[in-house]
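One-letter residues, chain by chain:
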Number of protein chains: 2
Amino acid sequence: MQQFHHHGYVSTNPRVKPAAGVGLEERPADPPTELDVLIVGSGPAGMLMFSQLAEFGDVRTAMIERREGRLVLGHADGVQQRSVEMFQAFGFADEVIAEAYRITETSFWKPDPANPDHIYRAARTPDDPLGISEFPHLIINQARILDYLRERAGTYSPARLSPYYGWEFLDLEVVDGEEYPVHARLRRVGDGGEERLVRTKYLFGADGAHSRVRRAIGAQHLGKAQLHAWGVMDVLVNTDFPDIRNKAIIQSRHGSILHIPREGGYLARIYVDLGAQSAEDDHAVRQTPIDEIIRRANAILTPYSLDVREVAWWSVYEVGHRVTDRFDDVPTDEVGTRDPHVFIAGDACHTHSAKAGQGMNVSMQDAFNLGWKLGHVLTGRAPASLLATYTAERQQIAQDLIDFDSRWSSMMVKEEAEESIEDFYVRTAEFPAGFMTQYRPSILTWGDSDQEAARGIPLGKRFKSVEVGRRSDANPKQLGHLHEADGRWRLYVFADEAPAGAPDSALARWAMWMSENPVSPFRAYRRQGEDLDALIDAKVIYQQHHHDIDPNAVPELFKPVTGGLELVNLEKIFGITDDVDIFAEREIDRGGVVVAVRPDMYVAAIVPLSRPSEIADFFAGIYRRD
Amino acid sequence: MQQFHHHGYVSTNPRVKPAAGVGLEERPADPPTELDVLIVGSGPAGMLMFSQLAEFGDVRTAMIERREGRLVLGHADGVQQRSVEMFQAFGFADEVIAEAYRITETSFWKPDPANPDHIYRAARTPDDPLGISEFPHLIINQARILDYLRERAGTYSPARLSPYYGWEFLDLEVVDGEEYPVHARLRRVGDGGEERLVRTKYLFGADGAHSRVRRAIGAQHLGKAQLHAWGVMDVLVNTDFPDIRNKAIIQSRHGSILHIPREGGYLARIYVDLGAQSAEDDHAVRQTPIDEIIRRANAILTPYSLDVREVAWWSVYEVGHRVTDRFDDVPTDEVGTRDPHVFIAGDACHTHSAKAGQGMNVSMQDAFNLGWKLGHVLTGRAPASLLATYTAERQQIAQDLIDFDSRWSSMMVKEEAEESIEDFYVRTAEFPAGFMTQYRPSILTWGDSDQEAARGIPLGKRFKSVEVGRRSDANPKQLGHLHEADGRWRLYVFADEAPAGAPDSALARWAMWMSENPVSPFRAYRRQGEDLDALIDAKVIYQQHHHDIDPNAVPELFKPVTGGLELVNLEKIFGITDDVDIFAEREIDRGGVVVAVRPDMYVAAIVPLSRPSEIADFFAGIYRRD
Ligand SMILES: Cc1cc2nc3c(=O)[nH]c(=O)nc-3n(C[C@H](O)[C@H](O)[C@H](O)COP(=O)(O)OP(=O)(O)OC[C@H]3O[C@@H](n4cnc5c(N)ncnc54)[C@H](O)[C@@H]3O)c2cc1C
Ligand SMILES: Cc1cc2nc3c(=O)[nH]c(=O)nc-3n(C[C@H](O)[C@H](O)[C@H](O)COP(=O)(O)OP(=O)(O)OC[C@H]3O[C@@H](n4cnc5c(N)ncnc54)[C@H](O)[C@@H]3O)c2cc1C
């Protein structure tokens with residue numbers, strides 16, 4: 001977790017950061033009429049944005065939600081490894097892991113060749129055969145993920161935000177040139193339906209598949225008209241099906257099931273295939289009763305049977321494959337000529353089947369991509385043009401998602417295929433785990449990066465953690481897990497071979513340049529009274545064992561003075577450990593390399609120590625001096 | 001964490017158990033005048049007892065504390081591995097680990113032979129060189145540990161208890177033969193000092209070194225009169241001392257320091273030796289000012305220096321080595337003739353130096369030993385005679401502690417010794433880690449146990465966890481970590497070589513005996529409407545890989561039906577994993593063995609599968625039929 005006591009001794013829960021920022025004392029009972037950011041919808045996309053912006057105490061944020069209170073049941077439940085990695089940065093991964101069901105493998109059931117009316121277990125595949133991540137793949141109800149995010153925004157983050165439930169977005173107008181250019185009309189749900197006009201600098205539309213914000217900005221939701229229907233139920237069952245507590249893909253003569261065990265030891269989510277529906281059917285399939293879904297499930301599971309003791313939630317879930325052409329209010333032919341003010345994310349931009357367990361995950365990643373950018377623009381660090389990178393980066397990801405999901409969905413219902421479903425599953429595992437995202441060169445992904453200098457750290461992908469040894473306390477630490485979702489950049493400065501304090505090392509020269517050159521990002525964007533690491537948290541990793549580093553000989557850049565007591569932060573100095581040499585593990589050039597990692601954890605630049613000015617150039621493309 | 005949803009779907013935080021038990025709705029503003037247990041003092045011993053009893057919804061518990069509110073600062077901060085293991089059972093180890101400082105090694109500083117006025121680092125030793133535990137050794141303020149325990153008692157446990165602050169214990173009288181034999185006089189602190197008489201079945205005196213409860217029961221606090229004084233300060237410092245964030249034992253020409261880094265990255269606790277004090281000095285040393293302590297610390301650290309930026313807390317801590325002759329109100333010569341009603345624990349029974357970091361740990365273990373016993377006696381399961389085992393078991397531990405600590409304290413201040421301090425430290429590591437406790441044969445430690453049948457599971461010591469594979473969900477699990485502090489026994493039933501379902505296996509015969517024989521503990525002590533595992537949670541571990549177990553062929557004893565929905569619990573069936581064979585790891589007889597583990601995690605009996613009646617005999621020594 002984060003460091004604490006640097007503003008003086010804290011006796012109570014140190015996870016609770018000091019309250020900071022605007023309008024804390026008097027949270028108005030109704031949404032304020034002048035805002036920096038208005039978030040519409042409190043699903044995974046909206047709630048993630050809410051939590052991220054809550055880290056920026058100076059940004060005036062409000063979130064409205066049509067529902068009268070928290071989500072209680074249903075919706076998504078698959079949490080991919082990338083999401084757990086992100087939760088780690090938000091500080092609640094351990095809690096989610098303890099509470100969730102953990103998928104370690106998938107079993108594949110098919111018609112028994114000896115008796116095709118019965119199913120048999122044809123294969124078992126490990127869930128992460130390639131060791132893609134040190135984080136687990138989890139199943140837990142969306143409602144609980146939203147709880148954790150809301151708790152973080154409301155209790156732990158400086159801004160102490162809480163949602164406005166029972167407010168509905170109606171429409172909006174963007175009035176160019178005004179300080180608060182987005183005029184949004186809201187309505188109170190129930191109670192006479194009072195309307196309210198909110199003027200905001202930015203509006204984040206996370207209002208789901210039937211998004212009104214999408215309609216208001218005229219974005220096109222493109223894709224196949226054909227819908228595929230599934231009956232989905234959260235049930236407490238007794239059964240003789242031996243894999244009731246394993247993830248199972250079941251293909252039988254009577255149809256197919258995607259079976260997902262759930263948290264707590266007793267609950268299961270069962271998706272029963274109800275087949276492709278034509279758009280002309282007028283959603284007749286939605287009338288399917290729960291008894292029929294249970295009956296079908298029993299037929300598919302023959303010779304096993306389900307004794308359903310309680311139906312906690314069920315739904316008929318019908319979905320096509322669609323992507324929106326753009327994720328903001330700037331028409332495609334005007335990109336680059338004006339800055340966006342309205343954004344959409346999550347199901348508002350991309351809808352697809354539930355089968356690859358992507359729904360809530362990709363939606364959160366959308367918001368994580370945009371959150372820190374809004375934070376930096378609104379605090380005056382970055383020009384508004386930075387916001388155009390959101391559509392540019394995420395629209396492609398959405399397209400990839402739809403393509404993958406279409407492929408996967410059709411495989412699940414086909415009995416014969418050129419590739420077995422279990423082979424496809426293993427071969428493509430990186431995608432559903434959330435780690436295939438790789439951003440292309442742009443102002444945020446430094447095209448002049450020297451990928452050869454750190455072959456094991458792919459540019460544009462999320463930074464994958466490795467163990468290092470912290471000098472200060474001789475603790476082995478996952479370097480990546482020290483990255484908190486606090487809106488700051490990370491700079492991993494991998495030293496050359498010289499030990500700390502050696503005369504004229506590449507590391508010392510680099511640090512000197514960064515400390516002294518006026519164009520250094522540590523000088524150019526630092527504000528009066530701000531800690532040295534307020535925008536960029538620089539850590540040094542020596543090639544020596546952590547025991548062999550003399551902290552007194554490490555450049556001051558890596559020992560920033562912090563807080564009013566002017567305490568020296570000693571936790572940014574690392575070496576290798578007895579077990580792991582990060583330089584070998586990630587093929588890092590022994591001449592020394594700097595890796596810049598974005599606030600949302602993606603690798604943005606890889607530059608040898610010998611070229612300090614390039615790091616300055618890179619940041620100059622994003623930030624501006626006051 | 002615990003299982004959930006078995007009483008129907010839970011949408012909110014599943015850590016919060018359903019509220020249950022007596023007097024929940026109307027918590028009186030002042031302590032009730034009739035109680036099952038009155039706890040005096042809310043230090044580590046009192047608070048641990050409070051949390052444990054909160055698991056028993058039917059037991060009427062109250063805790064009083066003289067202070068007006070929660071502890072804020074100071075006191076102990078060393079959390080040994082055994083305590084973290086126990087916190088795991090209480091459900092908050094992960095949180096404490098994330099928040100605390102973790103000790104991985106200790107450095108030893110001595111006068112530099114080349115320049116004896118300066119110190120130099122003479123050695124570094126790993127903190128757990130023998131791999132005693134999978135849990136870390138932590139440093140975190142006592143106040144935070146108390147917060148976690150209180151939160152558990154108040155928010156998560158069925159009884160939903162909260163402390164009565166600002167109430168002081170005055171004295172007590174035990175009136176034999178009454179239903180509420182302990183009459184305790186309390187006084188409100190401040191506000192006119194209103195007195196109140198509370199009648200209680202049991203009283204737990206956890207009121208610290210100057211215990212009034214101890215005095216009231218006439219127990220003798222025996223030990224050396226000589227006191228050793230230390231100046232102790234929690235400080236935020238800048239320094240060039242390279243091991244400021246490492247645990248360090250510093251012996252210099254100018255005195256010695258025990259240096260303990262603290263949670264959060266900046267804080268340190270520094271114990272400065274103020275020397276032995278004679279009792280005649282009338283505690284003159286307590287007048288030592290903080291400036292003098294800082295001055296001495298600087299002298300000891302020469303050539304390094306400390307720049308103290310804030311003193312969060314400081315004290316002169318003077319302590320002797322004392323143990324109380326008995327831990328309850330039964331005079332030594334009447335043991336066995338009457339049952340105890342008043343108990344003392346923690347500092348009330350044993351005081352010693354802070355140097356081995358034992359204070360809060362041993363105190364909590366005292367309470368953990370007694371907590372479940374009180375719970376089982378008060379819910380009518382066990383006869384009151386069970387309570388005599390508390391003094392019998394814990395008095396010896398306290399004596400061992402004092403002996404160890406005397407040895408350790410004198411080594412710390414001696415410059416020359418027959419054994420170097422670092423060698424002694426490593427050689428005796430199991431003791432301060434909290435794992436040397438081994439209870440002797442008694443009704444709770446089955447003397448007829450077959451230690452040879454499980455050589456790696458020492459009888460009378462705490463059960464050390466090993467990885468097993470859970471059949472239901474193919475998850476590797478630490479068997480010991482599934483033990484919650486819920487007051488239940490664990491029975492680990494290690495199967496013979498036959499797979500599940502094989503005819504006439506030793507395991508199947510054992511399970512049949514337990515299911516059918518009226519003297520089986522699963523039948524004899526089970527109450528109407530109670531789940532099969534309400535008192536004893538039995539888990540089976542097969543010798544096969546978890547993949548190769550057919551759950552439908554496992555005896556019903558290991559698939560208990562639970563809750564109103566009568567759901568089958570499938571999470572008690574285990575096999576070995578790809579990586580670990582628990583049978584090999586713990587030298588378990590392949591003919592099959594049963595290991596009984598007490599609610600406070602100690603190994604109580606080891607009996608081959610072939611002798612089911614011995615398990616019945618063992619429990620018959622402790623419990624009674626309704
Ligand atoms: C009934 C249902 C079942 C689902 N089942 C599954 C599943 O089984 N597996 C799976 O992977 N995914 C499932 N999904 C999809 C998954 O939940 C989504 O992919 C994910 O929630 C997308 O997150 P989001 O934040 O973009 O949108 P959503 O979670 O849809 O959140 C949108 C929010 O905006 C609110 N809102 C909508 N319009 C307005 C308005 N005008 N004003 C104010 N608030 C508004 C809504 O009430 C909602 O809270 C399901 C979705 C639904 C609706
Ligand atoms: C000032 C101080 C500094 C210490 N420093 C260290 C240290 O640096 N390192 C270390 O390892 N250990 C230290 N200890 C010891 C360590 O805190 C104890 O070993 C540990 O707290 C013992 O736990 P306990 O529950 O038995 O008693 P305590 O923690 O002492 O708790 C007793 C509680 O009972 C309350 N109480 C007392 N009398 C009454 C009464 N008549 N009525 C109601 N309530 C009452 C007290 O207010 C207190 O809250 C220190 C103790 C003290 C007091």
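Check the entry above for the structure.
Note that the structure is predicted; figures quoted are calculated from it, not measured.

1. A few points about the site of ligand 2
All names here are of chain B.
- Lining the immediate environment of ligand 2, one finds 29 residues, of which E65, R67, R269, Y271 and D347 sit closest.
- Across the complex, the protein chains shield 88% of the 960 Å² of accessible surface that ligand 2 would expose by itself.
- Each residue belonging to the shell around ligand 2 can be placed in one class, and the counts come to 13 nonpolar, nine polar and seven charged.

2. Focus: the pattern of salt bridges
- This model, assessed by the stated rule, comprises 112 salt bridges over all chains.
- Linking E105 of chain A and R124 of chain A is a salt bridge whose minimum nitrogen-to-oxygen distance equals 3.3 Å. Here E105 of chain A is found in strand β5 (residues 105–112), whereas its partner R124 of chain A is found in strand β6 (residues 115–126), with 19 residues between them in sequence.
- Note that R70 of chain B is salt-bridged to D147 of chain B, the shortest N-O span being 2.8 Å. With R70 of chain B in the loop between β2 (61–65) and β3 (78–79) and D147 of chain B in helix α4 (residues 142–156), this residue pair connects regions lying 77 residues apart in the sequence.
- A relative accessible area of 8% places D147 of chain B in the buried class.
- One network of salt bridges, in which partners are shared, links D486, R488, R490, D533, D537, K539 and K572 of chain A.

3. A few points about the site of ligand 1
Residues and elements named next belong to chain A.
- Near ligand 1 there are 29 residues, and of these E65, R67, F169, Y271 and D347 occur at the shortest range.
- At 2.6 Å, a side-chain N or O of E65 approaches an oxygen atom of ligand 1.
- Take Q142: an N or O atom from its side chain is 2.9 Å from an oxygen atom of ligand 1.
- Out of a free accessible area of 970 Å², ligand 1 has 88% covered by protein chains.
- Elements supplying a minimum of two residues to the shell around ligand 1: α1 (44–53), β9 (167–174), β16 (267–277), β17 (306–319) and α7 (359–378).

4. Here we look at the relation of the copies chain A and chain B
- Of the transformation placing chain A onto chain B, the axial shift is 0.0 Å and the rotation is 180°, giving an RMSD of 0.0 Å. Such a turn and shift between the copies fits a two-fold axis. For chain A, the smallest separation between a C-alpha atom and the rotation axis is recorded for D94 of chain A, amounting to 3.4 Å.
- The overlap is high: 100% of the interface residues of chain A also sit at the interface in chain B, so the same surface is used on both sides.

5. Some details on the environment of K464 of chain B
All names here are of chain B.
- Residue position: K464 is located in the loop between α9 (421–427) and β21 (467–470).
- K464 sits 122 residues away from R586 along the chain, and the two C-alpha atoms are 9.6 Å apart.
- Here K464 is in contact with G131, I132, S133, E134 and R586, once residues within four sequence places are set aside.
- A distance of 3.2 Å separates a polar atom in the side chain of K464 from the backbone oxygen of G131.
- A polar contact of 3.3 Å, which involves the side chain of K464, links it to the backbone oxygen of I132.

6. Focus on unusual backbone geometry
- Residues T302 of chain A and P303 of chain A are joined by a peptide bond in cis, for which omega reads 15°.
- Tracing the sequence through the fold places P303 of chain A in the loop between α6 (290–301) and β17.
- Backbone geometry places H5 of chain A, a non-glycine residue, at a positive phi of 75°.
- Its place among the elements puts H5 of chain A in the segment before β1 (34–40).
- Phi is positive for E587 of chain B, close to 50°, though the residue is something other than glycine.

7. Thoughts on the side chain of N13 of chain B
- In this structure, N13 of chain B sits in the segment before β1 (34–40).
- Residues within four places of N13 of chain B in sequence aside, it is in contact with E99 and R144 of chain A together with Y156 of chain B.

8. A word on the packing of helix α2 (residues 81–90) of chain B against helix α7 (residues 359–378) of chain B
Residue and element names in this part refer to chain B.
- One way to put it is that α2 packs onto α7 with a least axis distance of 10 Å and a crossing angle of 45°. Taken together, α2 and α7 sit at an angle that is classed as oblique. Regarding α2 and α7, the two cross each other, and that crossing is left-handed. Of α7, the residues touching α2 (which contributes R82, S83, M86, F87 and F90) are N361, M364, Q365 and F368.
- Taken together, the residues of the contact of α2 with α7 break down into five nonpolar, three polar and one charged.

Cut-offs and rules
Residues numbered from 1 in each chain as written. Chains lettered and ligands numbered in written order. Predicted model: local features only at pLDDT ≥ 70, side-chain atom pairs only at ≥ 80, totals over all residues. Heavy atoms only, no water. Near = heavy atom within 4 Å. Areas by Shrake-Rupley, 256 points an atom, 1.4 Å probe, with all protein chains shown as cover. Nonpolar A, V, L, I, M, F, W, Y, C, P; charged D, E, K, R; others polar. Salt bridge = Lys/Arg side-chain N within 4 Å of Asp/Glu carboxyl O. Helix = DSSP H or I, 4+ residues; strand = E, 2+ residues; numbered from the N terminus. Buried < 20%, exposed > 50% of the residue type's maximum accessible area, 1.4 Å probe, protein only. Polar contact = N/O pair within 3.5 Å; in protein donor to acceptor, adjacent residues only side chain to side chain. Least-squares fit on C-alpha atoms with pLDDT ≥ 70 in both. Contact = heavy atoms within 4.5 Å. Axes fitted to C-alpha atoms, helices over the stretch in contact; angles between N-to-C directions. Parallel < 35°, antiparallel > 145°, perpendicular 65-115°, else oblique. Left-handed = near helix turned anticlockwise from the far one by under 90°.

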